Amino acid sequence: MELLFRDDPYLKSCRARVTDSSSAGVRFDRTIFYPEGGGQPGDTGLMRLSSGAEVNIIDAQKHGDDDQDVLHLLAADSPVPDIGEEVELQIDWERRHRLMRMHTSLHLLCSLVEGDVTGGQISDGKGRLDFNLPEGAPDKTWLTENLNDLVRRAVPVSVIWASDEELDNTPELVRTMSVKPPRGSGRVRMLQIEGVDLQPCGGTHVSNTSEIGRLEVGKIENKGRQNRRINLRFASQEAGS
Ligand SMILES: [Zn+2]
């Protein structure tokens, strides 16, 4: 399956051909639906059948460990398309864009906090990262100000590819202990926020930090002796948050 969101996370719709179809889910030859992974939830949206009927897609999930195999889940009692049928796929763009903004924000947070990341979660309107911080977490106000400074600076965000060897030779690039970067294809997808952050990531991000908007650090929680959970949200309350 061709994963169109990898090269262009701004695609809101596409044509696709059904390759597998059952009440358990639908597969296509290509998709713009990001499947849940790396702490980012799966996309929601709809498919428009050749008859014109619209069917809601309520989630997208990887099938097993195969990154290329995305199962599109339908609500119970939805009509299922025929194999070979050409449909139009459309994601809930407003929601996805909020997820992209929050995902990119977590990279900014990562750049400001020393210590390995031990976990993380992105949801609609908020996100969090857990850090191993024996010395304690940085000040909340300091963090909020520095995050918003990075947003204001309008830093370009891009994807670059590194070889497995380059990654092996620079272990400090892997900040996250909980999510192993996808390996084996000989190259690793790296998310670069110019001069700010560089790390392996398969998620969807905005192309410039200015798109994120104002951020607020929420609660900083103690989760175990050395583990600190830093919660992040958009400063203005938005739909879904
Ligand atoms: Zn990322």
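Keep in mind that what you see is a predicted model, and the values were worked out from it rather than measured.

Visitor: Just checking my understanding: could you explain the pattern of salt bridges for this structure?
Guide: Applying the stated criterion across every chain, the model contains 14 salt bridges. Note that Asp67 is salt-bridged to Arg6, the shortest N-O span being 3.8 Å. In this pair, Asp67 is assigned in strand β7 (residues 66–74) and Arg6 in helix α1 (residues 4–7), connecting sequence segments 61 residues apart. For Asp67, a relative accessible area of 22% corresponds to the partly exposed category. Note that Arg98 is salt-bridged to Asp124, the shortest N-O span being 2.6 Å. With Arg98 in helix α2 (residues 93–112) and Asp124 in the loop between β9 (117–123) and β10 (126–132), this pair connects stretches of sequence that are 26 residues apart. Salt bridges sharing partners connect three or more residues here, namely Arg6, Lys62 and Asp67.

Visitor: I'm lost on the coordination of the zinc ion in this one. Help?
Guide: Protein-derived ligands of the zinc ion are His103 (NE2), His107 (NE2), Cys201 (SG) and His205 (NE2), with the metal-ligand distances lying across 2.0 to 2.1 Å. Here the zinc ion is ringed by four donor atoms whose angles at the metal span 100 to 125 degrees, and the overall shape comes out tetrahedral. Between consecutive donor residues of the zinc ion, the sequence gaps follow H-x3-H-x93-C-x3-H. Taken together, the positions of His107 in helix α2 and Cys201 in the loop between β13 (197–200) and β14 (215–222) put the pair 94 residues apart, joining distant regions of the chain. Neither His107 nor Cys201 differs from the other in exposure class; each is buried.

Analysis parameters
Residues numbered from 1 in each chain as written. Predicted model: local features only at pLDDT ≥ 70, side-chain atom pairs only at ≥ 80, totals over all residues. Heavy atoms only, no water. Salt bridge = Lys/Arg side-chain N within 4 Å of Asp/Glu carboxyl O. Helix = DSSP H or I, 4+ residues; strand = E, 2+ residues; numbered from the N terminus. Buried < 20%, exposed > 50% of the residue type's maximum accessible area, 1.4 Å probe, protein only. Donors = N, O, S within 2.8 Å, 3.2 Å for Na, K, Ca; no water. Tetrahedral: all angles 85-135°; square planar, octahedral: opposite > 155°, others 65-115°.

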